[in-house]
Amino acid sequence: EIIKTLVKPSALPSWYEDCYISMAEEGMRVLALAYKPLETSGQISREFAEKDLQFAGFIAFSCKSRSDTKLVIQTLKESNHHVAMVTGDGPLTALHVAKEVAICPDERECLLLKASDLVEGSTEPRKVEWVVAAGKNRGKPFKFDLTTMAELAKTYEFMTTEDALLAAVEQEPKFWDHADTFVVFARMSPQGKATVIRELQKDNKHILMCGDGGNDVGALKQADVGLALLGGYGNMNTSQELPQDTQDQLNDSAEEVLNEAVKLLDKRVKAVNTEKQQLMKTRQKELIAQQQEWLKQVLAEREARGEPVGVMAQVSALKEVTQRMQKELREYAQELNIKHGNAFDKKPEDPMEALMDSDAGGVPMVRPGDASIAAPFTSRSPSIKNSIDLVRQGRCTLLSSLQQMQVMMLNCIISAYTLSAISLEGSRSSERQMMGSSWLIMIASLAFSYATPIQKTCRVRPLQSVFHKAIFVSLLGQAAIHLFCMVYAVNMARETMAEGSAARLAGWVGPTLQEVSDFHKKQDLIRKGVLEKEVPDEELDWMAASLEMWTRPFLPNVMNTVVYLVETSQTVAVIVVNYKGQPWMKGVMENRPLFFSVVIMIGSIAFLSWEVMPQLNDMMHLSAFPDDSFRWQVMTLVMLSLVGTFIWDRICVAIFAPEIFGAMLDAAKATTFKNDVLPMIKGAGLVTAIFCLIASGNPIMWFGAYQLYRWQKTE
């Protein structure tokens, strides 16, 4: 556009505008060339040099889009994200690329915001109007009015240049409120890109920006998430395609096609790496075979020069041969990288095309630039797919943080009441019990590390604050349920241990609360040195000292046993119930360690309550329960803590976050018996079988089961 104003009118071809537009509409970057013959060689002014130029022609070049860019953008749109292009290219070029990568639909026309030329000395605001950017109706005008933009958006897509954008804001200051309706911002300066993002953020929009150059630095720093794209990849990742039959089987879901493309790329990378390793091993064997010959040549050359060929000379010659071998391997590795370094695209079948690609440089020289310095994230591959990974990982990280806060809050409440209850009753926790529960809780806690995002980006965004009603009210309800179960358990144990209780009248024998209190008071006095130990002190070695805590005297009692079992179940239940899972990350059914920790927890409590192995109960300092009725009450409290809090949490989500509850239901409906439920049933059955084997007390059966497991695994 600028060169056109500088060319001498008589030298401007009649086809100038049409030729430029036709090339720009095809996505080419077009440069206009002009010159001016000078009759003198003296100094001239810039105004004179840029006046009455002669038109020389156009230079047009194209830049291929990455093959997966369209899939990535379609995936972002499917997951309810608005995608827009902010570029310094011209409007027609930008529009072509936007349609090519699905930012702008092919079937919809695009309206370009256009401003009249700026008149020097004029105080009148510039005229702003809409015009059809391209196509058969190109140039058709529409009146610019904020009140009609919503109606126009039903039929057209919007695009603008920075100049027209500033003119529209000058005319209508509230125009920034509609900035999120645009799909293309063309002819944008670095400052203009940052300004657009800043104004969108004022409207509570969260921006992820991808950029690859120094002109994107300001926008990358201004965005909530910046992703730098490394330059220098050339035409890599511009011809990768999935087989047509594979695409037809994916139900037109861009994300499924993208996931299949990633799997295909992984297979290619593995195949390329395997081939390179095999070739390197073959080359290394060849060089090792030549090593002795090289060594003889070096020694012969030294002897010919009259140099000594003793032991030190042989060591020096061996070092020289080793360096030569390493150099040969490095050069061969570079040749392999040139030949096999691009796993994104298929190898050209035409030998001449393959030769041209090899001469073009093979593996590109990729270096971090200004964009990498400004952005917190940098994509190491020639693709913008990492933007999808950032969304998935970001949501998973957010939910993990919320989970941790919920777990800590509830565990603090449960632990505070538990410690106060048993302390007031004169009892305490056993070191062995704390070790045992810590192992089980550790397994459940480590299951959080398996909370990886799923390969499906949900349209519904997760909750972002622990003070959201759905989370905060759920926390209050869960705390109430857990405290109710614990208070009931403490009262139940107190009644059982009381003198003259129904359990004692039925023949149950166990220590009373007073006896437990007196026992622990006596042990405290012994530790403080007020009373002497029944066994005199002896100097302990390091092993005995480390086991002293394990052998510390403890009086098992019903109060301690009930509180221990219920508290352990509640701690695991807190982790499971507040685990977010689908539709943002792997659910409980897919997170096998977490699922098995629940099964093991319930099985262990039942195992210990019914004293299947009395030796294990004695080792854990657990007291025998009076009868089966008491045991069933304990199991009821355990299940109430788990199932009751789960139901309450989901009710809160359904009431205060119905969209999220709907997304969770949709994810649950997608669960299949064969792929999801059956493996869990098998896993639960395996855990039950292990408990039964342990309960049998037969080492021969243990060994036989282990051998059977090894045989099945081998098969």
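Quantities reported herein were computed from a predicted structural model and do not represent experimental measurements. Counting starts from 1 at the beginning of each chain's written sequence and moves along it residue by residue. In view of the model being predicted, local features appear only for residues whose pLDDT reaches at least 70, and side-chain atom pairs are presented and counted only at 80 or more, with totals across whole chains, interfaces and linings using the full set of residues. With hydrogens and water excluded, all non-hydrogen atoms of the structure serve as input to the side-chain values.

A. Quick peek at the sheet that holds strand S8 (residues 182–186). Any two strands with at least two DSSP bridges between them are considered paired. Secondary structure counts use DSSP, requiring at least four H or I residues in a row for a helix and at least two E residues in a row for a strand, with both numbered from the N terminus. Ordered by their spatial adjacency, six strands build an open sheet running S3-S8-S7-S4-S5-S6, and the pairing between neighbours is mixed. Strands at the two margins of the open sheet, each flanked by one partner only, are strand S3 (85–86) and strand S6 (141–143). Throughout, a contact is declared for two residues whenever any of their heavy atoms are within 4.5 Å. Structural elements are reduced to axes, namely lines fitted to C-alpha atoms, with helices fitted over the stretch in contact, and the angle between N-to-C directions of any two is expressed from 0 to 180 degrees. Strand contacts of helix H5 (residues 91–100): S3, strand S4 (110–115), strand S7 (157–161) and S8, with the helix running at about 140° to S8, the strand carrying the most contacts.

B. Up close: the pairing of S7. Summary of the burial criterion: residues with accessible area below 20% of their type's maximum are buried, those above 50% are exposed, and those between are partly exposed, where the area comes from a 1.4 Å probe applied to protein chains only. For S7, the tally of buried residues reaches five of five residues, placing the bulk of the element in the interior. Because side chains alternate across S7, one face comprises the buried residues Glu157, Met159 and Thr161, and the other comprises Phe158 and Thr160, equally buried. Direction of pairing for S4 relative to S7: parallel, over a ladder of four bridges. Its bridge partner lying in S7, Leu111 is registered against Phe158. Direction of pairing for S7 relative to S8: parallel, over a ladder of four bridges. Note that in S8 the partner of Thr161 across the bridge is Ala186. Convention used here: a crossover is right-handed provided that the path from the first strand, over the helix, to the second strand proceeds clockwise when the strands point away from the viewer. In this region the chain leaves S7, passes through helix H7 (residues 162–171) and returns to the parallel neighbour S8; the handedness of that crossover is right-handed.

C. Inspection of the sheet that holds strand S11 (residues 377–379) at higher detail. Spatial ordering of the open sheet is given by S9-S10-S11, a layout of three strands whose pairing is parallel. Single-partner strands in this sheet number two, and they are strand S9 (208–211) and S11. The average undirected angle you get between the axes of adjacent strands in this sheet is 25°. Summarising the sheet, strand S10 (residues 225–229) and S11 pair through three bridges and their orientation is parallel. Within S11, the residue paired with Leu229 across the bridge is Ser379. Set on the sheet, helix H15 (residues 386–424) makes contact with S9, S10 and S11; between it and S10 the angle comes to about 150°.

D. The nonpolar core, seen in detail. For the purposes of this section, nonpolar cores are sets of buried Ala, Val, Leu, Ile, Met, Phe, Trp, Tyr and Cys residues that join through side-chain atoms within 4.5 Å. Core analysis: the biggest nonpolar cluster contains 66 residues, and Val558, Met559, Val562, Val572, Met601, Phe630 and Ile660 have the highest contact counts within it. Put simply, the parts of the chain that give this core at least two residues each are H15, helix H16 (431–446), helix H17 (469–497), helix H19 (513–528), helix H21 (558–577), helix H22 (592–609), helix H24 (628–656) and helix H25 (658–669). Sorting elements by how many residues they give to this core places H21 first, with 13 residues. Each residue touching Met559, except ones within four places of it in the same chain, is listed here: Glu425, Val490, Ala493, Arg494, Met497 and Leu513.

Functional significance is not addressed by these values, which are geometric in nature.
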